[in-house]
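# Understanding the architecture of this molecule
Chain by chain, the residues run as shown.
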There are 4 protein chains.
Amino acid sequence: MKKIAVFTSGGDSPGMNACIRAAVRTGIYRGLEVYGIYRGYEGMIEGDIKRLQSHSVSNIVQRGGTILKSARSMEFKTPEGRKQAFENLKKLGIEGLVAIGGDGTFTGAKIFYEEFGIPTVGCPGTIDNDIYGTDYTIGFDTAVNTALEAIDKIRDTAAAHDRIFFVEVMGRDAGFIAVESGIGGGAEFVMVPETKTDLDQVVKSLKNLRKSKSSSIIVVAEGDDLGSADEIMLQVKAKIKDPSKEFKVTTLGHIQRGGNPTARDRVLASRCGMAAVEGLLEGKTNCMAGVMNMQVVYTPFADCIGKPKPLIADHLKLIDILSI
Amino acid sequence: MKKIAVFTSGGDSPGMNACIRAAVRTGIYRGLEVYGIYRGYEGMIEGDIKRLQSHSVSNIVQRGGTILKSARSMEFKTPEGRKQAFENLKKLGIEGLVAIGGDGTFTGAKIFYEEFGIPTVGCPGTIDNDIYGTDYTIGFDTAVNTALEAIDKIRDTAAAHDRIFFVEVMGRDAGFIAVESGIGGGAEFVMVPETKTDLDQVVKSLKNLRKSKSSSIIVVAEGDDLGSADEIMLQVKAKIKDPSKEFKVTTLGHIQRGGNPTARDRVLASRCGMAAVEGLLEGKTNCMAGVMNMQVVYTPFADCIGKPKPLIADHLKLIDILSI
Amino acid sequence: MKKIAVFTSGGDSPGMNACIRAAVRTGIYRGLEVYGIYRGYEGMIEGDIKRLQSHSVSNIVQRGGTILKSARSMEFKTPEGRKQAFENLKKLGIEGLVAIGGDGTFTGAKIFYEEFGIPTVGCPGTIDNDIYGTDYTIGFDTAVNTALEAIDKIRDTAAAHDRIFFVEVMGRDAGFIAVESGIGGGAEFVMVPETKTDLDQVVKSLKNLRKSKSSSIIVVAEGDDLGSADEIMLQVKAKIKDPSKEFKVTTLGHIQRGGNPTARDRVLASRCGMAAVEGLLEGKTNCMAGVMNMQVVYTPFADCIGKPKPLIADHLKLIDILSI
Amino acid sequence: MKKIAVFTSGGDSPGMNACIRAAVRTGIYRGLEVYGIYRGYEGMIEGDIKRLQSHSVSNIVQRGGTILKSARSMEFKTPEGRKQAFENLKKLGIEGLVAIGGDGTFTGAKIFYEEFGIPTVGCPGTIDNDIYGTDYTIGFDTAVNTALEAIDKIRDTAAAHDRIFFVEVMGRDAGFIAVESGIGGGAEFVMVPETKTDLDQVVKSLKNLRKSKSSSIIVVAEGDDLGSADEIMLQVKAKIKDPSKEFKVTTLGHIQRGGNPTARDRVLASRCGMAAVEGLLEGKTNCMAGVMNMQVVYTPFADCIGKPKPLIADHLKLIDILSI
């Protein structure tokens, strides 16, 4: 293997740059030529690919976003699109790929590998932490801390006014951000897609809590089965029927994707980026480099996409106990 | 004057605690007994008033929210409510008041003073900066920095994806937060209640900008004449008619009210709190202690509430020039 | 078991409050009376012990330091001191202890348990991460992020001036903070107590690096074998002998112990605090509750204190590769 | 005027990039060609000068440091060095200069203008705030907030251990950072170069305070007349003679120069950068663009360098009152 290329795809996440940097420098350290593909599969199809040097990735380890940019590509879902992408890589002599992204990225990478055989190792870049094969994904820790800082701020104002606050965090299919920011933020309730939310129970508990606590914070993952934070607030309000209570909603939105990555995300990203390149050199392909139990592990893309990743049971227990 | 009381009212703002601390300690330093009234006018009516010592305000200078809590009081708008409040203060022998809040707070304070004659000096505690008689209000600087950090994060992800982002910041009647966070965040446009927003001009400029810039950020004050950020986004999207462009909205909401106050807010709050008590001791009343041109000034409540406070012309010019 | 007590001892670390909160609320949730012992073993000897309720630990999950305060106790090292401590606990009917701290704390807890038989479970509260039996200690993640933010700031000014910066971080016996903040901060070198630092090699590499990079950052753990950052800087300067180079030192010091804990530290602390109380109820003693491989594990104090905890090999490799 | 150049010189300060951006874009907006001179006077002598476009300053408004780099130049202090610098500017047709820096920068600019007549307007870029002609300098607000965050963290650990902490902040000749971070951080004492520090008074007050407060924080400007924080700590310790008290020192150092600039610094920097270019176009020279009383003002370099800028009297009073 002489030439490899790295790209980011799907929603961006903090730490992607640290991962790119690690992949590029590990490649150069191992004597490879390293290329960057811009805007993910879109740029692969358009041939938007440039040689990267060690200094190309200087001073980016601390930056959110991705210097290679990201995009979602419709065209790559077509055989023609993928063919074109392959031709571009072949022309440049690219013999290995590092694909940084989430399940969409890996789904594409798997198909592409199975069709054209360019060895590919992935890195788990998504804030949602919903990828099997790694304890944490790159960007998750930063997103949780961003959500947590927001909850800390909201608690200031909730406490000043005796209010019930609903804070919606990201997580369409997974409640990891909600659970960890909820525990960290001392939330009274956390609502996640993985468990059925019992509205009557929430209302009952809220009424009980109101005797001892003047303000409450409820963290809602965007994919909760009862709906968005806005919708859930209205349902709760309708059931509590107390005009003296104020109900407020804050939807954190895209701030959770940005920001300087935390130490944990930079270290994880660096480790995955290095492991992806070393994996390619050792002949690994069609798999993702993640970190489980403090060790680098390679998991087939098929498992990363297909296997469920449950919430940690202790965390759910913590929320019940700590909100008393 | 032997006994004074301090309270916070209306929406809370970061720095209120620093202001309380300064008023309490200045009072004690000057030989006064100092009381805290809880939940603003509501607590004044209910008699929720406690003696405060120097250590009562230890370790709060850095905290958001208000240890005295805040509320909006309907009852204080009635003569009976105010009568009851006066009786409570009289019973305790309170001879002076420090009222920390915004225009609603000062409107109440003015009426109350004119009816019952208890000397009252206000401190400008509101994130909106829409109070005449002080260059900046307590909490404004923190709110701007919170908005700015959010914009910095959004720019990471906007740049990674070539998107147009609409960020809604607080400011129902005033565009100060929008303007300063917009300049600081390098926004392409800032929409504020004070000026008529020309949608066609925005669309035209956006199209021009798209030639040189791949992502744009538009900061919208919640009180803009064209509507909320959500509404404005839809209008812009309808006019740009380009399915390849992604339009996103983030509404920052209540995180702007909380958080540890910045240095500027803590210093301003401390200065106003001290000046309010010293003003009372010098016989001042029915006015607010603010800081203009680096000096403490006392401005009649009537002016604080009634006089307009225009945006800084240079700031508006900056936005036009810097977005090129 | 009806009554338990919790205390913090040794150097404080961010997350101790979250751990106290979890222990207190888990205890109450399980029907126990919970007491707080102030100033560690010192307060145990002096009988400075108070009943804690659920609301006693409200609004502390986000705070650095420890509401129970901490101290180092000479008297507890004497049999008389420990006897007195035991009498105080006996008088109150305390039947179990949660000891939050580092190796000094656990050494004391082990002796005390072996002498007097009050069941004791520890929680790993130290920023240094040098405790066997847990992947990470409570406070480590916050300390690393604090160090990292400082390194990010120093890189701004290093880059502006083409300087060589030595940043000293905490870690008398362990290089964990240095290694993770070094990887995260993109440091050119990291010097830790665990490995012999080859000065000539550093100087040689620095000279090489200076051809491609204008500024360099070297992270030094305070316990490095070559001395403090100040001393190492002088040695390097003497060997490089280039008057045009500027060498600067920043010693981060105590800021690494404070600050709002990160999400990771709050979650870990909450989990350990809950596990300590549940461990006591299940009959565990003379051991520490930690989290390894995502699972709660209980490790005998003897191992926590006595077994080495090596740095992660991949991390050391990362530093070499990423600084090219 | 057709061509202007901008440069940064002396110690870097957060906000310099925002100032560069504003100068460059205002120049382009006004139809000028704008050049960047790298490494200050050093690069002017070496001819390290490049054309800047609008996009050259994209995405830098939020970054610490200076993209134009900075240096201290010995050669510019010689007539030959300045002659060479002038020749380089003349060759490129540069007709105006924007000089961003502190008193050293302005001293050089003044001499250079008086010798060669290229119109020059300065912007106050220094964290120390010791420049006459502007209420605040660019970078001061960020430095104060950095110091304040450090003090907040130290207070956590000081309170946990009942310690006396000495925190040394920057300020060789001016106590502005010390005073504002001291007020904001709730320091018990602040020691600054502008006033004689009475050690016996400090010791006496510390002893008094120790009755009501268990921990104290003393902020020391590096240029205090009694010496460094290390030296002052030893003097205080020797006088208090109480082996039970712990005395600790933290020297914040270079972290105060870096970091993302605050909103206030970005807005001030943008305004000064715009005003410098507009001043040049209006025929102003040999002066600095600053902001006083909310308005842009131009002050002769001679005054900026020569006139004293006293601390705000109210701030000194606040420290005395608030530490009770």
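As recorded by an unreviewed UniProt entry, chain A carries the name ATP-dependent 6-phosphofructokinase and is attributed to Algoriphagus lacus. Per UniProt, chain A carries the Pathway (unreviewed entry) text "Carbohydrate degradation; glycolysis; D-glyceraldehyde 3-phosphate and glycerone phosphate from D-glucose: step 3/4." Turning to chain A, the UniProt annotation filed under Sequence similarities (unreviewed entry) states: "Belongs to the phosphofructokinase type A (PFKA) family. ATP-dependent PFK group I subfamily. Prokaryotic clade 'B1' sub-subfamily."

### A look at the environment of Lys317(D)
Looking at the element boundaries, Lys317(D) is found in helix H11 (residues 313-322). Setting aside anything within four residues of it in sequence, one finds Lys317(D) in contact with Met274(B) and Glu278(B).

### With respect to the relation of the copies chain C and chain A
Superposing chain C onto chain A requires a rotation of 180° together with a translation of 0.0 Å along the rotation axis, leaving an RMSD of 0.0 Å. On the angle and the small slide along the axis, the relation comes out as a two-fold axis. Among all residues of chain C, the minimum C-alpha distance to the rotation axis is found for Asn293(C), at 2.1 Å. Looking at the interface residues of chain C, 100% of them are also at the interface in chain A, so both copies use one shared face.

### Comments concerning the interface of chain C and chain A
Taken together, the contacts link 47 residues of chain C with 48 residues of chain A. Taking both sides of the interface into account, the surface hidden between chain C and chain A amounts to around 4,400 Å²; carbon and sulfur atoms contribute 60%. Joining chain C to chain A, the criterion identifies eight salt bridges. For the salt bridge of Asp152(A) with Arg266(C), the shortest nitrogen-to-oxygen distance reads 2.8 Å. Between chain C and chain A we count 16 residue pairs in polar contact (both at pLDDT 80 or more) in total. Secondary-structure elements contributing two or more residues to the side of chain C that touches chain A are helix H1 (16-29), helix H5 (140-161), helix H6 (176-184), helix H9 (263-281) and helix H11 (313-322) of chain C. The leading source of residues in the side of chain C that touches chain A is H9(C), at eight residues. Class assignment of the residues belonging to the side of chain C that touches chain A gives a composition of 18 nonpolar, 14 polar and 15 charged.

### What about the domain arrangement of chain A?
Residues and elements named next belong to chain A. By the assigned domains, chain A splits into domain 1 (3-139 + 261-306) and domain 2 (143-258). With centres defined by C-alpha atoms, the gap from domain 1 to domain 2 works out at 35 Å. Counting residues at the interface gives eleven residues for domain 1, matched by eleven residues for domain 2. Summing the contributions of domain 1 and of domain 2, the shared interface buries around 880 Å²; its carbon and sulfur component is 52%. Viewed at the interface, domain 2 and domain 1 are joined by zero salt bridges. Linking domain 1 to domain 2 there are two residue pairs in polar contact (both at pLDDT 80 or more).

The rules we used
Residues numbered from 1 in each chain as written. Chains lettered and ligands numbered in written order. Predicted model: local features only at pLDDT ≥ 70, side-chain atom pairs only at ≥ 80, totals over all residues. Heavy atoms only, no water. UniProt positions renumbered as here; feature names shortened; annotations may be inferred. Helix = DSSP H or I, 4+ residues; strand = E, 2+ residues; numbered from the N terminus. Contact = heavy atoms within 4.5 Å. Least-squares fit on C-alpha atoms with pLDDT ≥ 70 in both. Buried area = accessible area lost by both parts, 1.4 Å probe. Salt bridge = Lys/Arg side-chain N within 4 Å of Asp/Glu carboxyl O. Polar contact = N/O pair within 3.5 Å; in protein donor to acceptor, adjacent residues only side chain to side chain. Nonpolar A, V, L, I, M, F, W, Y, C, P; charged D, E, K, R; others polar. Domains from an automatic or database assignment.

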